Each structure stands twice: as structure tokens, then as C-alpha cells.
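Summary of the model geometry
Here are the chains, one letter per residue:
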Amino acid sequence: MIIEEITVTAFQQHTRVLGCAETGLSVCVDPGDEAERIVSVLERRGLRLQAIALTHAHMDHVGGVAALKRLQPEAEIILHAADEPLYLGLPEQPALLGVPRAQWAMFGFDYEAPPPVERYWQDGETYTVGALEFQVLHCPGHTPGHVVLFAAHERKVFVGDCLFAGSIGRTDLPGGSYEQLMDSLTNKIIPLGDDVVVYSGHGPNTNIGHERRTNPFLNGAYTPGRQF
């Protein structure tokens, strides 16, 4: 598997190009911004973009979809249906963070309306990119339609904002649920195996075993009862 990471926006969000070395097919996971840089990676690697694969629809993960789709019109936009309302509401998402409208352009938050979703993730489906296979797991909690992409043969999982090194995704935004996120982590992500490398939407890579042992949200050290 070819993995190229581009960190974008003030949120330091990791956009990734995942490519099949055998066939040259690829997907871009969560293009937050800087579509031109993404295309430069594709050209440098000799990759053809099959899809724009979205783990969820928060603005720092989908802000670059429209520009990338214009540059790569054959790439299919894929999202879970439960996050489509959030995705279509992209231009108004900065309001969820309490940013005054007058400051949106200053921070790069003046998003255009996104192009239509062309395919919907199905929980448990296997999505192929050339010789690569990704198991799609619906993992709500951070957002209603959050998914993770698990490459079992590669022992890698791309978790968006479900799990971070030492922490988990926030659940205080509209559509978030701490109980749902913990259920997703406990019953879908942790069982993938201690050796699986975790590629998060922000921060450093980690692995499931390390998080299971040391992450306070997963090892019992954190006591629920407060918002985070």
C-alpha cells in the first residue's frame, strides 16, 4: 500500500492518498483542503484517483472535496448516508464552532456548497482499490455517519476522528454521542487486533494495543460524567 499524507488547515488534519502499487489506483481519504497538493501527489506517484473516500463530514475533512472533484472529475465521492445532512451543510458548519460569520473568510472557512455524494458506504462492505481491500465499519459517535476503513491484509486502519493517540474524538458537537463512540471503539475498532496501526485524522500514528493499554478512555482510567 502506498500512503502519502498531507497535513492541511489550521486543524492540522491529515489528508491521505492511499494507492495500490500493483494497479496504480488510489483513493483520497478526507481531503480537507489544498486540492492542488493532492493532485501533485497523484502525478508524482503515477496514481489514478478512483474515489474521494470520506470518513465523516466535518469541515476539516471535507473542505477540499469541491476543488478536488473539479480537478479529478472521475473520482467518486463516497460518504455514509447518515452524515449527508452535515456534508450538505458545509458552508454553515463554522457556526457549530461558534466562529463569528465575519471571521470565516479570515480563517479559510468560507466554504462553497459541496458536490453531491455519489455513493454511500455500507457497514461491513468490502471496498476494493486495485489489489487493496478495505472493510468499511460504521462507527458512530463523533458524527452519526462516521466510518473507519480497515485494511486487514495490511494491518492498518484509517479511523478519522474516532480514536487518537492518547485520546478519542470529541462528542459535544451536534450528532455526537459519547455512548455511541465508546460502543464503536469497544465493539468494532479494538477487536481488530493489538498489532493494527492506527492512522488518525489528527496527531501521530499509534496502534490498537498501545491505546488499549494506555489510553485513559479505553483502559478504565477515565470516569464518565463530564463533557470533553
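The structure contained in this document is the topic of the report that follows. A quick note: this is a predicted structure, and the numbers were derived from the prediction, not measured.

Criteria and cut-off values
Residue positions are counted from 1 within each chain, in the order its sequence is given. In view of the model being predicted, local features appear only for residues whose pLDDT reaches at least 70, and side-chain atom pairs are presented and counted only at 80 or more, with totals across whole chains, interfaces and linings using the full set of residues. Only hydrogens and water are removed before side-chain values are computed, so all heavy atoms of the structure are retained for them. Helix and strand definitions here come from DSSP, where helices need a minimum of 4 consecutive H or I residues and strands a minimum of 2 consecutive E residues; each element is numbered from the N-terminal end. Throughout, the radius of gyration refers to the C-alpha atoms, and the reference size of a globule is 2.2 Å times the residue count to the power 0.38. In what follows, a contact means two residues having at least one pair of non-hydrogen atoms within 4.5 Å. All accessible-area figures derive from a Shrake-Rupley calculation using a 1.4 Å probe, and residue coverage is judged against the displayed protein chains alone. We score Asp and Glu as negative and Lys and Arg as positive, and we do not count His or the chain ends. Where a charge lies is defined by one atom per residue type: Lys uses NZ, Arg uses CZ, Asp uses CG and Glu uses CD. Relative accessibility thresholds used throughout: buried, under 20% of the residue-type maximum; exposed, over 50%; partly exposed, between the two (1.4 Å probe, protein chains only). Working definition: the arc comes from the directions between the helix axis and the C-beta atoms, pointing outward to the latter. We treat two strands as partners when DSSP finds at least two bridges between them. The angle between two axes is taken between their N-to-C directions and runs from 0 to 180 degrees, where each axis is a line fitted to C-alpha atoms and a helix contributes only its stretch in contact. Here, nonpolar core refers to any group of buried Ala, Val, Leu, Ile, Met, Phe, Trp, Tyr and Cys residues whose side-chain atoms link them within 4.5 Å.

A few words now on the overall build of the protein. Helix and strand content of the protein: 6 helices and 14 strands. Relative to the globule expectation of 17 Å for 228 residues, the C-alpha radius of gyration of the protein, 17 Å, shows essentially globular dimensions. Overall, the protein is about 50 × 45 × 25 Å in size when its C-alpha atoms are taken along their principal axes. Relative to all contacts within the protein whose residues are 6 or more apart in sequence, the contacts with residues 24 or more apart total 60%. With the model as given, the accessible surface of the protein reaches about 9700 Å², and the carbon-plus-sulfur share is 51%. For the protein, the distance from the average position of its 16 positive side-chain charges to the average position of its 28 negative side-chain charges is 4 Å.

Here helix 1 (residues 35-45) has its buried residues at Ala-35, Ile-38, Val-39, Val-41 and Leu-42. Each buried residue of helix 1 sits inside an arc of 155° when the element is viewed along its axis, so together they form one side. Facing away from the buried side of helix 1 by over 90 degrees, the exposed positions are Glu-36, Glu-43 and Arg-44. Where helix 1 is buried, its residues meet strand 1 (2-8), strand 2 (13-19), strand 3 (25-29), strand 4 (48-53) and helix 3 (65-71). Of the residues flanking the end of helix 1, it is Gly-46, one or two places downstream, whose phi is positive at about 70°.

Attention now moves to the sheet that holds strand 1. Read from one edge of the open sheet, 6 strands run 1-2-3-4-5-6, paired in mixed fashion. Strands with a single pairing partner mark the edges of an open sheet, and in this sheet they are strand 1 and strand 6 (119-120). Running at roughly 160° to strand 1, helix 1 makes contact with strand 1, strand 2, strand 3 and strand 4 of the sheet.

Core analysis: the biggest nonpolar cluster contains 30 residues, and Leu-49, Ile-52, Leu-54, Val-62, Val-65, Leu-68 and Tyr-87 have the highest contact counts within it. Breaking this core down by element, the ones donating at least two residues are strand 1, helix 1, strand 4, helix 2 (59-62), helix 3, strand 5 (76-79) and helix 4 (84-88). Element by element, the count of residues in this core is highest for helix 1, at 5 residues. With residues up to four places along the chain from it excluded, the contact list for Val-65 reads Pro-31, Ile-52, Leu-54, Ile-77, Tyr-87 and Pro-115. Grouped together as the second largest cluster of nonpolar side chains are 22 residues, Cys-162, Ile-168, Ile-190 and Leu-192 included.

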